Amino acid sequence: QVQLVESGGGLVQPGGSLRLSCAASGMIFSIDDMGWYRQTPAKQRELVAAVTRGGSTNYADSVKGRFTISRDNTNNTVYLQMNSLKPEDTAVFYCNAHIGTLDFPSPRNYWGRGTQVTVSS
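In short, a report on the structure. Everything quoted here is computed from the prediction, not taken from an experiment. (Residues numbered from 1 in each chain as written. Predicted model: local features only at pLDDT ≥ 70, side-chain atom pairs only at ≥ 80, totals over all residues. Heavy atoms only, no water.)

Our focus in this paragraph is unusual backbone geometry. Trans is the prevailing form of peptide bonds, just as negative phi is the prevailing case for residues other than glycine. Its identity as a non-glycine residue notwithstanding, N76 has a phi of 55°, on the positive side. With respect to the secondary-structure elements, N76 resides in the loop between β7 (67–72) and β8 (77–82). In this structure N76 comes out as partly exposed when scored by relative accessible area, which is 22%. Within the chain, S84 stands out as a residue other than glycine whose phi angle is a positive 50°. (Helix = DSSP H or I, 4+ residues; strand = E, 2+ residues; numbered from the N terminus. Buried < 20%, exposed > 50% of the residue type's maximum accessible area, 1.4 Å probe, protein only.)

Here it is as structure tokens:
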């Protein structure tokens, strides 16, 4: 069993910052790509940022220059530093990871339960 647990969401004023964290736990054999997605009632879930095991990153155009994704391979954790937040960033943010487990080493897709980020004055 693998769990992804997000933390760090909340309410912030426009222009403010938040840092999201997501820790993977369980019978983990390996973790490949990790990333953050977001979803609103009006839009499908979309990729925000992703990072490979080697540290290569990919960002949605809407967050480039404002958000930074990073990971700690030792602690199986991925972070999303969000700066200069805008009201349109308001969404539920989901952690995603491709994880191979001890009993099934071929990586499969896992999701966290989500954390709400609200940007409002």
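This part covers the packing of aromatic side chains. Tallied over the entire structure, the rule returns one aromatic pair. For R45, the ring lying beneath its charged end belongs to W111, and the centroid distance is 4.6 Å. If you follow R108 out to its NZ or CZ, it ends over the ring of F104, 4.3 Å from the centre. (Phe/Tyr/Trp six-rings, centres within 6.5 Å; stacked < 30°, edge-to-face > 60°. Lys NZ or Arg CZ within 6 Å of the ring centre and 35° of its normal.)

A word on the nonpolar core. Of all hydrophobic cores here, the largest spans 31 residues; its most connected members are W36, L80, M82, F93 and I99. Going through the elements one at a time, β1 (2–7), β3 (18–26), β4 (28–40), β5 (43–51), β7, β8, β9 (91–101) and β11 (115–119) are the ones with two or more residues in this core. Ranked by the residues each element gives to this core, the list is headed by β9, at five residues. (Core = buried A, V, L, I, M, F, W, Y, C linked by side-chain atoms within 4.5 Å.)

As a further point, take the pairing of β8. The buried fraction of β8 is high, at five of six residues. Pairing between β3 and β8: six bridges, direction antiparallel. Its bridge partner lying in β8, C22 is registered against V78. Summarising the sheet, β7 and β8 pair through six bridges and their orientation is antiparallel. (Pairing = 2+ DSSP bridges.)

On to the pattern of salt bridges, then. In this structure the tally under the stated criterion is five salt bridges. Here E46 and K43 are joined by a salt bridge, their closest N and O atoms 3.6 Å apart. (Salt bridge = Lys/Arg side-chain N within 4 Å of Asp/Glu carboxyl O.)

All right, on to the side chain of S21 then. The topology assignment puts S21 in strand β3. Note on S21: relative accessible area 18%, which makes it buried. Excluding its chain neighbours within four sequence positions, the residues that come into contact with S21 are V5, E6, S7, W36, V78 and Y79. (Contact = heavy atoms within 4.5 Å.)

Quick look at the environment of H98 now. Position of H98 among the secondary structure elements: in strand β9. A relative accessible area of 30% places H98 in the partly exposed class. Each C-alpha atom, one on H98 and one on R108, is 5.2 Å from the other, the two residues being 10 residues apart in sequence. Setting aside residues no more than four positions away along its own chain, H98 makes contact with S30, I31, D32, D33, P107, R108 and N109. There is a polar contact of 3.1 Å between the side chain of H98 and the side chain of N109. (Polar contact = N/O pair within 3.5 Å; in protein donor to acceptor, adjacent residues only side chain to side chain.)

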